[in-house]
Amino acid sequence: MKNGASNAVLVRDLFKGDGPYLDLAEDFVAQSCTLCGLTVDDDAQFGSTGLLCAPCFKLEIIS
């Protein structure tokens, strides 16, 4: 059962363009890592700082 503490972002919130997710939506559409700017593919992860490539996601977990 969900407890409401999820870090999920709804797609409609990403593309509304009026919330804090505009940069994340742009990175998602461009398929680029929020931190390093490299092109991401199927291994992209959503972290607390945005859409991340695998190496940046690992760095985020460590820090």
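Overview of the structure. From a predicted model like this one, the values you see are computed outputs, not experimental measurements.

1. Notes on the environment of Asp-23
Structurally, Asp-23 can be placed in helix H2 (residues 22–30). In the structure, Asp-23 is positioned 11 residues away from Thr-34 in sequence and 8.2 Å away in space, judged by C-alpha atoms.

2. Thoughts on the environment of Phe-57
Mapped onto the fold, Phe-57 is located in helix H3 (residues 54–62). Given a relative accessible area of 21%, Phe-57 falls into the partly exposed group. The spatial distance from the C-alpha of Phe-57 to the C-alpha of Cys-33 is 9.5 Å, given a sequence separation of 24 residues. Ignoring sequence-local partners within four residues, the contact set of Phe-57 consists of Gln-45, Phe-46, Gly-47 and Leu-52.

3. A short note on the side chain of Glu-60
With respect to the secondary-structure elements, Glu-60 resides in helix H3. No salt bridge is formed by the buried Glu-60. Its closest oppositely charged neighbour is Lys-58, at 13 Å. Within the local environment of Glu-60, its side chain forms a polar contact with the side chain of Ser-48, the two groups lying 3.1 Å apart. For Glu-60, the side chain forms a polar contact with the side chain of Thr-49, separated by 2.8 Å. In contact with Glu-60, other than residues within four places in its own chain, are Gly-47, Ser-48, Thr-49 and Leu-52.

About the thresholds
Residues numbered from 1 in each chain as written. Predicted model: local features only at pLDDT ≥ 70, side-chain atom pairs only at ≥ 80, totals over all residues. Heavy atoms only, no water. Helix = DSSP H or I, 4+ residues; strand = E, 2+ residues; numbered from the N terminus. Buried < 20%, exposed > 50% of the residue type's maximum accessible area, 1.4 Å probe, protein only. Contact = heavy atoms within 4.5 Å. Lys, Arg positive; Asp, Glu negative; His and termini not counted. Salt bridge = Lys/Arg side-chain N within 4 Å of Asp/Glu carboxyl O. Polar contact = N/O pair within 3.5 Å; in protein donor to acceptor, adjacent residues only side chain to side chain.

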